[in-house]
Amino acid sequence: MSTPPVALITGASRGIGAATARELARRGYALVLAARSAGPLADLAGELGRRGAPALPIAADLCSAAEVGRLAAATLGVFGRVDVLIHNAGIGGAGPVARMDGAAATATLATNLIAPIELTRLLLPHMLARGSGAIIFISSVAGSLGIPGSSVYSASKFGLRGFAESLRREVARRGVGVTIISPGFIRTALTADLRLPMPGPALVARAVARAIEHPRREVFVPSYYRPLVWAAQALPWLADLALQRQRRR
């Protein structure tokens with residue numbers, strides 16, 4: 001009997017991470033679920049286990065390099081491999097820079113950018129040695145457009161996109177796929193205060209599953225964000241006006 005492929009998902013206790021865990025469990029994956037919240041993580045692992053999907057919950061604060069190292073070591077210690085690495089953990093915008101607490105800025109960069117780099121550094125050699133694997137970066141439309149009021153968050157996501165793009169070229173033709181998933185407004189805890197029509201996180205989870213099987217450079221979710229980003233980059237003055245108007249509202 002063949003062993004199931006192993007997927008490690010950070011930020012797995014809720015939102016996009018939890019939806020992705022359920023989607024991959026349905027597709028036959030064994031799962032390593034990482035997040036800071038031990039209780040919800042254990043509940044999700046129990047739910048997936050009852051469905052027949054092996055699920056290992058590991059509570060870890062990815063702001064800490066030591067915790068990132070412990071996560072990688074524990075995963076390899078139990079499963080011996082990681083076939084799919086999904087960088088989903090993230091901290092949202094913490095307000096305008098002039099009013100931002102220094103610790104909040106540091107935590108945003110550590111979680112959104114430094115942790116994915118370090119976890120990739122620790123696990124990528126095993127993928128390259130096997131000649132197979134997939135790495136998925138959950139970025140954001142804010143990683144393509146500077147969003148006022150979320151400057152540090154945007155900076156972290158711009159950096160994540162740069163790392164992912166460079167990594168994809170580094171491992172080209174070595175059996176490891178690298179894809180950036182850039183959601184727009186998705187119905188999660190991060191957008192709970194917004195009164196907008198938004199799709200649920202399951203839409204992103206399905207995009208992740210497709211990207212594992214068929215890697216692409218970048219996938220915008222929903223897809224209508226791609227032409228909007230292109231237009232904003234081609235006509236930055238128009239993006240300035242639109243974002244300023246939205247901010248005044």
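What you see is a predicted model; the values in this text were computed from it and never measured. (Residues numbered from 1 in each chain as written. Predicted model: local features only at pLDDT ≥ 70, side-chain atom pairs only at ≥ 80, totals over all residues. Heavy atoms only, no water.)

Participant: Explain the overall build of the chain to me, using residue names and the numbers behind them.
Facilitator: A count of helical and extended segments in the chain gives eight helices and seven strands. Oriented by its inertia axes, the alpha-carbon framework of the chain measures out at about 60 × 40 × 35 Å. Looking at the chain as a whole, 47% of its 249 residues qualify as buried. Sequence-distant contacts in the chain: of pairs separated by 6 or more residues, those separated by 24 or more amount to 65%. Accessible surface, the chain: about 12,400 Å² in total, of which carbon and sulfur atoms supply 56%. Between the averaged position of the 29 positive side-chain charges in the chain and that of its 14 negative side-chain charges there is a distance of 6 Å. (Helix = DSSP H or I, 4+ residues; strand = E, 2+ residues; numbered from the N terminus. Buried < 20%, exposed > 50% of the residue type's maximum accessible area, 1.4 Å probe, protein only. Contact = heavy atoms within 4.5 Å. Areas by Shrake-Rupley, 256 points an atom, 1.4 Å probe, with all protein chains shown as cover. Lys, Arg positive; Asp, Glu negative; His and termini not counted. Charge placed at Lys NZ, Arg CZ, Asp CG, Glu CD.)

Participant: Break down the sheet that holds strand β6 (residues 176-183) for me, with residues and values.
Facilitator: Hydrogen bonding along the main chain pairs the strands of a sheet, whether they run parallel or antiparallel. Overall, parallel pairing links the seven strands, which are arranged β3-β2-β1-β4-β5-β6-β7 in an open sheet. The open sheet terminates on both sides in strands that have one partner only, identified here as β3 (55-59) and β7 (218-221). Strand-to-strand twist in this sheet, taken as the mean axis angle between neighbours without regard to direction, amounts to 15°. As defined by bridge partners, strand β2 (residues 30-35) adjoins β3 across five bridges and the pair is classed as parallel. Residue pairing in the sheet places V32 in a bridge with L56 of β3. Packing against the sheet, helix α5 (residues 151-170) makes contact with β5 (133-138), β6 and β7, and its axis sits at approximately 160° to β5. (Pairing = 2+ DSSP bridges. Axes fitted to C-alpha atoms, helices over the stretch in contact; angles between N-to-C directions.)

Participant: Lay out the packing of helix α1 (residues 15-26) against helix α6 (residues 202-213) in plain terms, naming residues and giving numbers.
Facilitator: When two helices pack together, their arrangement is given by the angle between the helix axes and by the axis-to-axis distance. Packing of α1 against α6 brings their axes to within 8 Å, and their N-to-C directions diverge by 55°. In terms of orientation, α1 and α6 fall into the oblique class. Where α1 crosses over α6, the handedness of that crossing is right-handed. Here I16, A19, T20, E23 and L24 of α1 come into contact with α6, specifically with A202, V204, A205, R206, V208, A209 and I212. Across the contact of α1 with α6, the residue classes tally to nine nonpolar, one polar and two charged. (Parallel < 35°, antiparallel > 145°, perpendicular 65-115°, else oblique. Left-handed = near helix turned anticlockwise from the far one by under 90°. Nonpolar A, V, L, I, M, F, W, Y, C, P; charged D, E, K, R; others polar.)

Participant: Residues and numbers for the layout of surface pockets, please.
Facilitator: What the second largest pocket holds in volume is close to 180 Å³. Around the second largest pocket, the lining residues are L203, A207, R210, A211, H214, R216, V219, F220, V221, P222, S223 and R226. The dominant element in the lining of the second largest pocket, judged by the number of residues it contributes, is α6, at four residues. Taken together, the residues of the lining of the second largest pocket break down into seven nonpolar, two polar and three charged. (1 Å grid on protein atoms, 1.4 Å probe; cavity = no way out; pocket = protein on both sides within 12 Å on 5 of 7 lines; lining within 4 Å. Points joined across faces, edges and corners; volume = space filled by probe spheres on them.)

The quantities given are spatial measurements derived from coordinates; they are silent on function.
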